[in-house]
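Residues per chain, in single letters:
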Amino acid sequence: MKIDTSKIGKTYSPFTYEVGLEKIREYANAVGESNPVHHDRAAAHDAGFRDVVAPPMFVVVYSAGAMGPAVLDPEIGINLMMMLHGSQEFVWGEPVCAGDAITTRVELKDMREDDGRQFFVFESVSTNQDGAETARGTWTNIVRGG
Amino acid sequence: MNAGDDLPQLDVTPDKYLPHRYAGASGDFNPIHIDPEFAKAVGLPGNILHGLYAMAQVARFASGAAGGDPRRLKRLSVQFRDIGVPEQEITVSGTVKEVRDGTAVIDTVATQGDTRIIRNAEAEIAV
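Residues numbered from 1 in each chain as written. Chains lettered and ligands numbered in written order. Predicted model: local features only at pLDDT ≥ 70, side-chain atom pairs only at ≥ 80, totals over all residues.

Asks: Mind laying out the overall build of chain B, listing which residues take part and the relevant values?
Replies: The number of helices and strands found in chain B is four helices and five strands. Starting at the N terminus, the α and β elements of chain B follow one another as β-α-α-α-α-β-β-β-β. Put simply, of all contacts in chain B between residues at least 6 apart along the chain, 62% involve residues at least 24 apart. (Helix = DSSP H or I, 4+ residues; strand = E, 2+ residues; numbered from the N terminus. Contact = placed C-beta atoms within 7 Å.)

Asks: So what about the overall build of chain A? Which residues, and what values?
Replies: The helix and strand inventory of chain A stands at three helices and five strands. The N-to-C order of helical and strand elements in chain A reads β-α-α-α-β-β-β-β. Relative to its 146 residues, chain A shows a buried fraction of 37%. (Buried ≥ 20, exposed ≤ 12 C-beta atoms within 10 Å, placed from the backbone.)

Asks: Just give me the short version of helix 1 (residues 21-31) of chain A, but keep the residues and values in it.
Replies: Within helix 1 of chain A, burial applies to Ile-24, Tyr-27, Ala-28, Ala-30 and Val-31 of chain A. Looking straight down helix 1 of chain A, one finds that the buried residues subtend no more than 160° of arc, so they occupy a single side. Taken together, the buried residues of helix 1 of chain A touch helix 3 (59-71) of chain A together with helix 1 (18-26) and helix 4 (51-65) of chain B. Backbone geometry just downstream of helix 1 of chain A places Gly-32 of chain A in the positive-phi region, at approximately 85°. (Arc of directions from axis to C-beta.)

Asks: Now, about the environment of Gly-48 of chain A: what can you tell me, with residues and values included?
Replies: Residues and elements named next belong to chain A. Tracing the chain through its elements places Gly-48 in the loop between helix 2 (41-46) and helix 3. With 11 C-beta atoms counted inside 10 Å, the residue Gly-48 sits in the exposed group. When the C-alpha positions of Gly-48 and Val-37 are compared, they lie 9.6 Å apart, and in sequence the two are eleven residues distant.

See below:
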């Protein structure tokens, strides 16, 4: 299948995720983040956070609602059955705490074919309720045998 | 922390039901992670770990090397390669590549036995 590179630069509707304390705890428990700042409000306050703070990789939770429609976009036409998550980068800024509202915007940054495989690169930029950037993600998906 | 230093290794064994808990925590319910029969039907050995769970272990390793303060993890870049599976120990190891201007760059890999489930991982931590 030929890829339509005219879609490079396409942006998607922003998605706002409201961060709950119990969701941070659930995520921290699942990935083994036992630092009390991810579980206990007093420990978080003592460490200088506004409230219980999310582990850095919680970015995948609050950006999922913005990433989903991009990856599923029929105009891009990713064959999900043949898709692999190839690589991932995050750059972190302001910490994310319980009570924050994080808005994520996604853009298709690149798509290309190389050696029979298709590469789709998305960038997500997440900001908190004060406009401070919390994380910037580069998501590279590979479709085999495209 | 100096260039060439080996960092404290992180070992973790995801139990049989970890992919289910991670699915609930992350919202990623792709059946290849939680349904062994579906996974086998698409050519996998069984249900497999979420790549982003493995990346979270590398993040935990890197912030641990920075003294456990999540604010000190500034950047993490990984390549997903071979699949990870539950009920087998993951080992995350790494070395300091360079230190400049209060930031250490560390090279990291996550393995299960001889399988490298994450490679070419590079983290930047404030030191």
